[in-house]
Amino acid sequence: MRVGLFITCVNDTLYPRTGQAVVTLLERLGVEVGFPTEQSCCGQPQFNTGYRHETEPLVRRYATAFRDYDYIVAPSGSCAAMVRDNYPRIGAKAAAEGRGQELSEAAAAVVPRTYELTEFLTDVLKVTDVGAYYPHTVTYHPTCHGLRMLHLGDRPRALLDAVRGLDLVELPGAEECCGFGGTFAVKNAAVSAAMGADKARNITATGAEAVCTVDNSCQMHIGGTLARQGSTVRPVHIAEILASTEGHVW
């Protein structure tokens, strides 16, 4: 099994340890991991801002970069949802405009092979206990794209429940958005900050040492808000928890 790691823009530029943790985790589980260097942005910022035509070259690039892999794994519900939900829409729109089937075919080639990390672990590898050890109290924030578009459900929680040493505590208002929303946070800064403040207060109230997400983008927004509130709760990506062992805690 050959897996292509789609590291995403936020992972690459701000949270490289998340990508390193994914490689550590997957290789521990016997997966051959590749990283095609020609990969780029999935196009979500452009598409969500209304620049559909400018997103099209990124659809082509994604399909080309990952053409030789059995599966494509992203440590991001947001970016995985962009590929799975919006690439087919982009292809259909191009075809409706009389520009042929190229984009639809590119989307069809990658959509069935693209997985968010926790989906890949539970649905493809069929594991929940990945041999992780993380001796901390953790609360879990289900990010919007994972919750509402990918329908991850209890997959992340099942993986966290199987981590030795981890005490998982419930987060009040867990299904409420943290307020990031990509370009939403830029266009609607005041609303975004208010939503983030509510989320951060709920996280702090759990008494957890760390808050876990499946998206570095939400982790960034939550982490910044927690820091401004003076909270000591540490934001962490689920990949870093699952990659941790008794010999090395990320």
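- Going by the annotation in an unreviewed UniProt entry, the name recorded for the protein is (Fe-S)-binding protein, with Streptomyces coffeae given as the source organism.

Quick notes on the overall build of the protein
Phase 1: Counting its regular elements, the protein contains 13 helices and eight strands.
Phase 2: For the protein, the C-alpha radius of gyration of 18 Å lies close to 18 Å, the compact-globule estimate for 250 residues.
Phase 3: In terms of principal-axis extent, the alpha carbons of the protein reach across some 55 × 45 × 30 Å.
Phase 4: By the burial criterion, 51% of the 250 residues in the protein qualify as buried.
Phase 5: Taking as baseline every contact in the protein between residues at least 6 positions apart, the subset at least 24 positions apart corresponds to 80%.
Phase 6: As displayed, the protein has an accessible area near 10,800 Å², and 52% of this comes from carbon and sulfur atoms.

Points about the UniProt feature "domain: Cysteine-rich" (unreviewed entry) in the protein
Phase 1: Sequence positions flagged by UniProt for "domain: Cysteine-rich" (unreviewed entry) are, in local numbering, residues 3-83 and 138-222.
Phase 2: As annotated, residues 3-83 comprises 56% helix and 12% strand, and the C-alpha atoms at either end are separated by 16 Å.
Phase 3: Regarding residues 138-222, the helix share stands at 49% and the strand share at 12%, and the terminal C-alpha atoms are separated by 14 Å.

As for the sheet that holds strand β7 (residues 210-213)
Phase 1: Taking strand neighbours across the sheet as the criterion, the four strands line up as β6-β5-β7-β8 in an open arrangement whose pairing is parallel. Sheet topology places β6 (167-169) and β8 (234-237) at the edges, where each strand pairs with a single neighbour. Between one strand axis and the next, the sheet turns through 35° on average, direction left out of account.
Phase 2: Looking at chain direction, strand β5 (residues 137-140) and β7 are connected through three bridges and run parallel.

So, the domain arrangement of the protein
Phase 1: The assigned domain composition of the protein is domain 1 (2-124) and domain 2 (137-243).
Phase 2: Contact residues are listed per partner, giving 30 residues for domain 1 and 21 residues for domain 2.
Phase 3: Summed over both partners, the interface of domain 1 with domain 2 comes to about 2,100 Å²; 63% of that surface belongs to carbon and sulfur atoms.
Phase 4: Contact with domain 2 buries surface across domain 1, with Tyr-15, Thr-18 and Thr-118 losing the most and accounting together for 21% of the total.
Phase 5: Where domain 1 touches domain 2, the interface holds one salt bridge.
Phase 6: Its salt-bridge partner being Asp-123, residue Arg-155 comes within 3.1 Å of it at the nearest N-O pair.
Phase 7: Where domain 1 touches domain 2, the interface holds 11 residue pairs in polar contact (both at pLDDT 80 or more).
Phase 8: Elements that contribute at least two residues to the side of domain 1 that touches domain 2 include exactly α1 (9-14), α2 (16-28), α3 (44-48), α5 (77-96) and α7 (117-124).
Phase 9: The element best represented in the side of domain 1 that touches domain 2 is α2, accounting for seven residues.

Notes on the pairing of β7
Taken residue by residue, a regular strand's side chains alternate between the two faces of the sheet.
Phase 1: Where burial is concerned, the two faces of β7 agree: the one with Ala-210 and Cys-212 and the one with Val-211 and Thr-213 are both buried.
Phase 2: Examined bridge by bridge, β7 and β8 share four bridges and lie parallel to one another. By the bridge assignment, Ala-210 is partnered in β8 with Arg-234.
Phase 3: On the question of chirality, the crossover connecting β7 to the parallel β8 by way of helix α12 (residues 216-228) is right-handed.

As for the pairing of strand β1 (residues 2-5)
Phase 1: Relative to strand β2 (residues 32-34), β1 is paired through three bridges, and the arrangement is parallel. Paired with Gly-4 across the strands is Gly-34, a residue of β2.
Phase 2: By the bridge criterion, three bridges tie β1 to strand β3 (residues 71-74) in an arrangement that is parallel. Paired with Val-3 across the strands is Tyr-71, a residue of β3.

Calculation rules
- Residues numbered from 1 in each chain as written.
- Predicted model: local features only at pLDDT ≥ 70, side-chain atom pairs only at ≥ 80, totals over all residues.
- Heavy atoms only, no water.
- Helix = DSSP H or I, 4+ residues; strand = E, 2+ residues; numbered from the N terminus.
- Rg over C-alpha atoms; globule rule 2.2 N^0.38 Å.
- Buried < 20%, exposed > 50% of the residue type's maximum accessible area, 1.4 Å probe, protein only.
- Contact = heavy atoms within 4.5 Å.
- Areas by Shrake-Rupley, 256 points an atom, 1.4 Å probe, with all protein chains shown as cover.
- UniProt positions renumbered as here; feature names shortened; annotations may be inferred.
- Pairing = 2+ DSSP bridges.
- Axes fitted to C-alpha atoms, helices over the stretch in contact; angles between N-to-C directions.
- Domains from an automatic or database assignment.
- Buried area = accessible area lost by both parts, 1.4 Å probe.
- Salt bridge = Lys/Arg side-chain N within 4 Å of Asp/Glu carboxyl O.
- Polar contact = N/O pair within 3.5 Å; in protein donor to acceptor, adjacent residues only side chain to side chain.
- Right-handed = clockwise from strand over helix to strand, strands pointing away.

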